[in-house]
Amino acid sequence: MSLLTPWKIAEITGGRFIGTQAQCDVSVAGAVRDNRDVLPENLFICIKGARVDGHDYANDAFDRGAACCLAEREIPDAKGPYVLVESTLVSLRVLAAYYRSLFDIPVIGITGSVGKTSAKELIAAVLGAKFNVHKTDMNLNNDIGVPLTLLSLKESHEVAVVEMGISDFGDMTRLAIMARPDIFVMTKIGYAHIDMLGDLQGVLKAKTETFPYMKPSGIAVMNGDDELLRGFDTGRKTYTFGLLEHNNYRGENVETQGVDSTTLDMVSAKGRFDVTISAYGSHLSALAPAATAVADLLGLSGDEVRRGFASYTSVDGRAKVSSHEGITLVDDCYNANPNSVKAALTSLSSLSGRRVAVLGDMLSLGQHSKQMHYDVGVFAAQCGIELLVCQGEQATFFCEGYKSAGGTSAEHFEHFEKLLESLPNMIKKGDAVLVKASRGMHFERLLPVFS
């Protein structure tokens, strides 16, 4: 039996079904906002953006197999059925909340200022040793991505792992109303979106808007190494994770084998066992106890947890390591804030060869931007980074901080094109190179330099 049909979508959203009688009850499965991603039976969400109007691509979506469209204006000569609503974005959230309510499976929500995607991938990998897991694809973690993730649930899924990202107050409330997580994991409170949220207390307030929307039986899994999270009253049963001794789930005896793997012991009231994570990055050892906690809450054995960690692979743009003619490249250019850049520099400092950090502006820091860039520069020098290469208006303060702390070699480029032109001559065989910047800097454009 189909969980959604065009007629049911109209009923749930309060919209108007437009189509033939025969099209009322066709099966609808999954939802997308990009017509190029349409699969048979998908619901295509027509969203009007600043440059592109999804309504103009509705018939292309039908040609690709879409079963129905959700639209806020009429579609001329529509090749299939659609539901006309006042707002596709609002209706998308309403539909996702309804659809999630049809599934009696554990939903794990994940948020934090840093480490959300890595935590999501780790948790999904570990749970995958026992369950058929549905997880957020790529970075679909906002008020469009979360409902698309939920609407892609299938009856065969046994667990859902949903990444939940915000930038302002109220964002998490909208996500929580849809996702209603049974277990909510918080990785760290840091300086992301500090321009909108004001300070760390503001970040904490915004990130924790979820708890009133969880069932009384809901469980919080909090980073106990983070002082703000450790002391927060969730109003739910709470477990802590981290590397410090007071945590309910903690990692001990962490050892990093270059770019290949990290080993550590997982310790809890139930005992101790060793795991190996087949990936690079010091941040993984701090997040692994969170995955272990969730796995334990869902009944996985130690052997299953081991197998899950062994299956983990890094996501492109998130500390993804590759080798190119003697150069070790760490592609971490998806996004950046002070906490994540410091974590990336810490990981880089463990590698052999000349350590080179190619950094771009950290955006959305507001009045704190100058000082935070300066502090990261100081940290880079303390990590023993031999060459710091920066680009962007604020990135000049990386260099200032780096030099003030005894950094030996720094270069700043005002324009990206000049950096792109100069970088090949600055990198040499044997270097370990980190590439990291905020998403808006588009530092992925540098990656072909290394291929």
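The coordinates are above.
Here the residue index of a chain counts from 1 through its sequence in written order. Since the coordinates come from a predicted model, pLDDT governs what is reported: local features require at least 70, and pairs of side-chain atoms require 80 or more to be given and counted, while whole-chain, interface and lining totals use all residues. Side-chain figures throughout are based on the complete set of non-hydrogen atoms in the structure, without hydrogens or water.

S.K.: Hey, could you run me through the overall build of the protein in this one?
M.R.: Helix numbers and strand numbers start at the N terminus; a helix is a DSSP run of H or I with at least 4 residues, a strand a run of E with at least 2. In terms of helices and strands, the protein carries 15 helices and 20 strands. Radius of gyration here is computed from C-alpha atoms only, and the compact-globule reference equals 2.2 Å multiplied by the residue count raised to the power 0.38. In terms of overall dimensions, the protein is globule-like: its C-alpha atoms have a radius of gyration of 23 Å, near the 22 Å expected for 451 residues. Along the longest, intermediate and shortest principal axes, the C-alpha atoms of the protein span 75 × 55 × 40 Å. The cut-offs for exposure are 20% and 50% of the maximum accessible area for each residue type, with area from a 1.4 Å probe on protein chains only; residues under the lower value are buried, those over the upper are exposed, and the others partly exposed. Evaluated residue by residue, the protein yields a buried proportion of 55% over its 451 residues.

S.K.: Can you help me understand the sheet that holds strand S16 (residues 327-331) in this one?
M.R.: Pairing between the strands of a sheet is mediated by backbone hydrogen bonds and can be parallel or antiparallel. Only strands joined by at least two bridges in the DSSP assignment are considered to pair. Across the sheet, 6 strands lie side by side as S15-S16-S20-S17-S18-S19; this open sheet has mixed pairing. Strand pairing shows two members of the sheet lacking a second neighbour, strand S15 (320-324) and strand S19 (410-413), which therefore form its edges. Neighbour-to-neighbour, the strand axes of the sheet open up by a mean angle of 15°, direction not taken into account. Two strands pair when backbone bridges link them, and strand S18 (residues 387-391) and S19 are joined in this way by 4 bridges, in the parallel orientation. By the bridge assignment, Leu388 is partnered in S19 with Ala410. Throughout, a contact is declared for two residues whenever any of their heavy atoms are within 4.5 Å. Throughout, an axis means a line fitted to C-alpha atoms (over the contacting stretch in the case of helices), and angles, computed between N-to-C directions, take values from 0 to 180 degrees. Against the sheet, helix H12 (residues 338-349) makes contact with strand S17 (355-360) and strand S20 (432-436), and its axis sits at roughly 170° relative to S20, the strand it touches most.

S.K.: What exactly am I supposed to notice about the pattern of salt bridges here?
M.R.: Pairing between side chains of opposite charge can happen when the charged atoms of each approach one another. Salt bridge, as used here, is a side-chain nitrogen of Lys or Arg placed within 4 Å of a carboxyl oxygen of Asp or Glu. Evaluated as defined, the whole model comprises 23 salt bridges. Residue Arg250 is joined to Glu252 by a salt bridge in which the shortest nitrogen-to-oxygen separation is 2.8 Å. You can call Glu252 partly exposed: its relative accessible area is 22%. Glu386 is paired through a salt bridge with Arg355; the nearest N and O atoms lie 3.1 Å apart. Separated by 31 residues along the polypeptide, Glu386 in the loop between helix H13 (369-382) and S18 and Arg355 in strand S17 bring together distant segments of the chain. Residue Arg355 is classed as buried on the basis of its relative accessible area of 14%. One network of salt bridges, in which partners are shared, links Arg250, Glu252, Asp265 and Arg272.

S.K.: Sorry, what's going on with the sheet that holds strand S12 (residues 249-257) here?
M.R.: Overall, mixed pairing links the 9 strands, which are arranged S7-S8-S6-S9-S10-S11-S12-S13-S14 in an open sheet. For this open sheet the edge positions go to strand S7 (133-135) and strand S14 (271-277), each flanked by a neighbour on one side alone. Neighbour-to-neighbour, the strand axes of this sheet turn through a mean angle of 20°, independent of strand direction. By the bridge criterion, 5 bridges tie strand S10 (residues 219-223) to strand S11 (residues 237-242) in an arrangement that is parallel. For Met222, the partnering residue across the bridge sits in S11 and is Thr240. In this fold helix H11 (residues 302-310) packs onto strand S13 (261-268) and S14, with an angle of close to 20° to the strand it touches most, S14.

S.K.: Explain the side chain of Thr292 here, please?
M.R.: Relative to the elements of secondary structure, Thr292 occurs in helix H10 (residues 282-297). For Thr292, a relative accessible area of 7% gives the class buried. The contact partners of Thr292, leaving out residues within four places of it in the chain, are Tyr249, Met266, Phe273, Val305 and Phe309.

S.K.: Explanation requested: the environment of Phe273 in the structure shown.
M.R.: The topology assignment puts Phe273 in strand S14. Along the backbone, Phe273 and Arg306 are 33 residues apart, and their C-alpha atoms lie at a distance of 8.7 Å. Sequence-distant contacts of Phe273, that is, excluding residues within four places in its chain, are made with Leu264, Asp265, Met266, Thr292, Gly302, Val305 and Arg306.

S.K.: Would you mind going over the pairing of S11 with me for this structure?
M.R.: It is a general feature of regular strands that their side chains alternate between the two faces of the sheet. Pairing between S11 and S12: 2 bridges, direction parallel. From the neighbouring strand, Gly242 faces S12, where its bridge partner is Arg250.

S.K.: Sorry if this is basic, but what is going on with helix H15 (residues 416-426) here?
M.R.: Counting along an α-helix, one turn takes 3.6 residues, and residues three or four places apart therefore face a common direction. Those residues of H15 that sit buried are Phe416, Leu419, Ser422, Leu423 and Met426. With its buried residues spanning 125° around the axis, H15 presents them on a single face. For H15, exposure combined with an orientation more than 90 degrees from the buried face picks out Glu417, Glu421 and Asn425. Buried-residue contacts for H15 involve S17, S18 and S19. The arc in question is formed by the directions pointing from the helix axis toward the C-beta atoms.

S.K.: I tried to follow the packing of aromatic side chains on my own but got confused; where do I start?
M.R.: Geometrically, a pair of aromatic rings is defined through the distance of the ring centres and the angle of the planes. Aromatic rings from Phe, Tyr and Trp, with only the six-membered ring used for Trp, were paired whenever their centres fell within 6.5 Å, and each pair was classed as stacked if the ring planes differed by under 30 degrees, edge-to-face if by over 60, and tilted otherwise. As enumerated under the stated definition, the model contains 6 aromatic pairs in all. When the centroid spacing of 6.0 Å and the interplanar angle of 55° are considered together, the rings of Phe416 and Phe443 count as tilted. One end of the pair, Phe416, is in helix H15; the other, Phe443, is in the segment after S20, with 27 residues separating them in the sequence. Classification of Phe443 as buried rests on a relative accessible area of 0%. Any Lys NZ or Arg CZ that is within 6 Å of a ring centre and within 35 degrees of that ring's normal is treated as a charge sitting over the ring. The ring of Phe169 has Lys205 sitting right over it, with the charged end atom 5.8 Å from the ring centre. Arg445 extends its terminal NZ or CZ atom over the ring of Phe416, reaching a point 3.8 Å from the ring centre.

S.K.: When you look at the nonpolar core in this model, what are you seeing that I'm missing?
M.R.: Nonpolar side chains tend toward joint burial in soluble globular proteins. Ranked by size, the top nonpolar core spans 78 residues in total, and within it Leu43 and Leu345 carry the most contacts. With residues near it in sequence (within four places) discarded, Leu345 still touches Ala357, Val376, Phe379, Ala380, Cys383, Ile385 and Leu434. Definition of nonpolar core: a set of buried residues of the types Ala, Val, Leu, Ile, Met, Phe, Trp, Tyr and Cys, connected through side-chain atoms within 4.5 Å. Core analysis: the second largest hydrophobic core is formed by 39 residues, Ala125, Phe131, Val133 and Phe273 among them.

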